[in-house]
Amino acid sequence: MLALIPLDNRPCNVRFPQQIAAIGAMELIVPPNEILGYFTTPGQPLALAQWLNALPAVEGLIVSSDMLAYGGLVASRRGTPPLQNALENLQVLKKWHEAHPQTPIYGFSILMRLAVTMESEAAATNYYNIMRYARLADEAERFNSEHLQQELESVIAQIPPEILDDYHAARARNHAINLQMIEWLAQGVFQYLLITQEDAAEYGLHRQEQDILMARAQKLGVADKMSLHPGADEASLTLLARHWNIGVRFRVHWSNSAHARHIAPFEDRPYDQALREHIAAMRGTIVEEGDGDFDLFVNASVGGYQKDEGETERASRANHLETFLTAIQIAIENGRRVALCDVAFPNGADNLLLNELDQRRLLGKIAVFGAWNTAGNTTGTVLAQCAALLRGGPEQGFVNTADLNRVFVLDRLLDDWCYQSNVRSRVEKTARDHGLSPLNMGIGGENIEAQTRREIKGFAQALARRHFKGELTRCDVTLPWMRTFECEVHTELT
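Parameters at a glance
Residues numbered from 1 in each chain as written. Predicted model: local features only at pLDDT ≥ 70, side-chain atom pairs only at ≥ 80, totals over all residues. Heavy atoms only, no water. Helix = DSSP H or I, 4+ residues; strand = E, 2+ residues; numbered from the N terminus. Buried < 20%, exposed > 50% of the residue type's maximum accessible area, 1.4 Å probe, protein only. Contact = heavy atoms within 4.5 Å. Areas by Shrake-Rupley, 256 points an atom, 1.4 Å probe, with all protein chains shown as cover. Lys, Arg positive; Asp, Glu negative; His and termini not counted. Charge placed at Lys NZ, Arg CZ, Asp CG, Glu CD. Phe/Tyr/Trp six-rings, centres within 6.5 Å; stacked < 30°, edge-to-face > 60°. Salt bridge = Lys/Arg side-chain N within 4 Å of Asp/Glu carboxyl O. Axes fitted to C-alpha atoms, helices over the stretch in contact; angles between N-to-C directions. Parallel < 35°, antiparallel > 145°, perpendicular 65-115°, else oblique. Left-handed = near helix turned anticlockwise from the far one by under 90°. Nonpolar A, V, L, I, M, F, W, Y, C, P; charged D, E, K, R; others polar. Pairing = 2+ DSSP bridges.

K.L.:
Would you mind showing me how to read the overall build of the chain here?
P.N.:
Scanning the chain for helices and strands turns up 15 helices and 13 strands. Here the C-alpha coordinates of the chain stretch approximately 55 × 55 × 50 Å along the principal axes. Counting only residues that meet the buried cut, the chain has 60% of its 494 residues in that class. Counted over contacts in the chain with a minimum sequence separation of 6, partners at least 24 positions apart contribute 78%. Element-wise, carbon and sulfur atoms account for 49% of the exposed surface of the chain, whose accessible area totals about 19,700 Å². Side-chain charges of the chain comprise 46 positive and 61 negative groups, with the mean position of each set lying 4 Å from the other.

K.L.:
Before we go on, may I ask you to explain the side chain of E198 in this structure?
P.N.:
With respect to the element layout, E198 can be found in the loop between β5 (192–197) and α8 (206–220). Taking the relative accessible area as the measure of exposure, E198 reaches 6% and is therefore buried. Not counting chain neighbours up to four residues away, the residues in contact with E198 comprise L73, R77, I110, L111, R113, G231 and A232.

K.L.:
In this structure, what is going on with the packing of aromatic side chains? I would like to understand it.
P.N.:
When we look at a pair of aromatic rings, we describe it by the centre distance and by the angle of the planes. On inspection of all chains with the given rule, the structure shows 12 aromatic pairs. Aromatic side chains Y127 and Y128 sit 4.9 Å apart centroid to centroid with 85° between the ring planes, which places their arrangement in the edge-to-face category. Note on Y127: relative accessible area 9%, which makes it buried. The class of Y128 is partly exposed, set by a relative accessible area of 47%. An angle of 90° between the planes, with centres 6.0 Å apart, marks the rings of W254 and Y271 as edge-to-face. Here W254, found in strand β7 (residues 249–254), pairs with Y271, found in helix α10 (residues 271–281); they are 17 residues apart in sequence, far enough to count as distant. A residue is classified by how much of its surface remains accessible, and Y271, at 1% relative accessible area, is buried. One aromatic cluster is present, formed by F16, W372 and F408 through successive ring pairs.

K.L.:
Is there a simple way to think about the pattern of salt bridges in this case?
P.N.:
Between side chains of opposite charge, a pair can form when the charged atoms approach closely. This structure, assessed with the given rule, holds 32 salt bridges. Across the salt bridge formed by R314 and E311, the nearest N and O atoms sit 2.9 Å from each other. Placement of the pair is R314 and E311 together in helix α11 (residues 311–333), with a separation of three residues, close to one helical turn. Assessed through its relative accessible area of 62%, E311 is described here as exposed. One continuous salt-bridge network, built from bridges that share partners, spans D8, R10, D233, R483 and E486.

K.L.:
Looking at this structure, how should I read the packing of α11 against helix α12 (residues 351–359)?
P.N.:
Axes are the key here: two packed helices are described by the angle between their axes and the distance separating the axes. Packing of α11 against α12 brings their axes to within 10 Å, and their N-to-C directions diverge by 45°. Compared by their axis directions, α11 and α12 come out oblique. Once α11 is placed against α12, the crossing between them reads as right-handed. Residues R314, R317, A318, L321, F324, L325 and I328 of α11 lie in contact with α12, whose contacting residues are L352, L353, E356 and L357. Considering only residue class, the contact of α11 with α12 consists of eight nonpolar, no polar and three charged.

K.L.:
What's the story with the sheet that holds strand β1 (residues 2–5) in this structure? I'm lost.
P.N.:
Read from one edge of the open sheet, six strands run β2-β1-β3-β4-β5-β6, paired in parallel fashion. Edge positions in the sheet fall to β2 (28–29) and β6 (226–230), since each has one partner strand and no second. Two strands pair when backbone bridges link them, and strand β3 (residues 60–64) and strand β4 (residues 105–111) are joined in this way by four bridges, in the parallel orientation. Pairing of S64 across the sheet is with F108, part of β4. Across the sheet, helix α2 (residues 45–53) touches β1, β2 and β3, and the angle it forms with β1 is around 175°.

Keep in mind these numbers describe shape, not what the thing actually does.
In C-alpha cells form, the structure reads like this:
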C-alpha cells in the first residue's frame, strides 16, 4: 500500500493514480476530498499534516510539495502564503521522514507556469498579458533586442501593478521552495524528486529558474536523483511507476519523425527529448531493436491546435497517418502490446487518427491510450499505465486487472476524445448562450453538466458495444470544478 498527497482534488490527480495503482495490483490511499480544496479555495495544510501523521504503515509516500506548502496547484500561482509560512507547512514532511526513515518519500514540485490562473472572463486579459510578459522578459534580455524591450514595456503597461507584483511574489517564493526541496533531496528526505515544468514555452522566466535549480542539484551531487521536465498533473503517476521499478522497455514508433522534434504547445523543449526524460524518470528504457514490453506509438505534436488545422494540412497529415495506422494494426495482429500516446494537439485526441482507428475497429484492442491536456500530461499517464500493466498482469498472478485496464482505456477515450475533442466545444457554446462563463459556471452550470452527461453516455454505450464487447452498467459524468476545462468520466462494463 502506498500513500499520496495529490496536487489537487481533480480526477487527474486523485482518481487516475488510484486507477493506475489498481491496475498494478496496489492500493493507493489519499486524503479526504474535503481537505484538498476546490478550484480557487486552497487545500488545508494543517489538516493534511494531521492526516499524514495518522497514516497506517505504508511502503512509500508520494507527496506534492505544492499541496502541503500552499494548498494546491491553483493556490501556488498566488503570492500567499508567504515563504516562511510555506516552509512551516512543509516541516511535517521532514518530521515524518525522521519518524519513518526506512519508508521512501517521492516528492514532486511544480515549476510555475508562465501565466496566472484564468479563473474568470475578467482574468483572461491578465492571463494572456502575463504570459506575454514572462516570455518577452526572457527574450529581450537573451537576445539584447531593443524592439523586444519596447514590446515588453508595452505589455507591462497593460498589466495592473498589483497583479504583476503578486505574480513575481509567487514565482520567487515557489523558486525558493524548489531550491529547498533539492536541499532536502541531498539530506535524504526524498528518495527521488520530480520538478515538473508547468505550461511554458521555449523562452520565458522559467529558463533561468531551471538553470539555477539544476546547478544547485549538480553542486549537491543529486542531479541523478531528480528530473526536471515538462508536465504537472501526471507527476504522481511517474513516481508511482518509478516506485514499482519495473524497467519497462519501449519500442517507439512515430507518426512523423519530423514532428517528433517539434516543441509541443505549453512546453519548452523538443518532444522527443521530453519523452526520453519522462521514460528515464519512471525507470523505463527505449529499445531500438528487438522486442520491447510495449510498442509505443506516438502521434507526435503537430505544433498547433486542432481547430486551426486547414483542409490541406489535414489531408497531408492523413497520408502520413496511413503508414502509422497500418503499423498499429500489424503490431496488434502480431500480439504486441500497443500503447498509443496521442500528443498531436493539446486538450484532446486527434479526431483524424481516432476516427480511423474506430473505422478499423482497433480502439478496443489498444492496451494503453492517452490524449489529454498537455503532451507531458498524456505522456506520463501512458507510461505509468504501461508499468501498471506489467506489474499487475495475469502473468503475475492477478486475474482482474485486465478488466480494470479495459475500463481505464474506455474512460480515456470518452474523456480525451469524446469530450475534449468534440463535446466540449458544444457545451461551451451552450454555456455562453445562457450567459455563463465556461471558465467558472458556478451553480448555473448544472444544466451544462447534464448536457455533457447526455452526450457522453450515448457515445459511451455505442463505443462499449462496438469495441469492448460489453454493456455499460455505469457511466458517471461530472464537471468536477463546474467549469468546462476538465470532465470526470467513470464507467463500469459487463
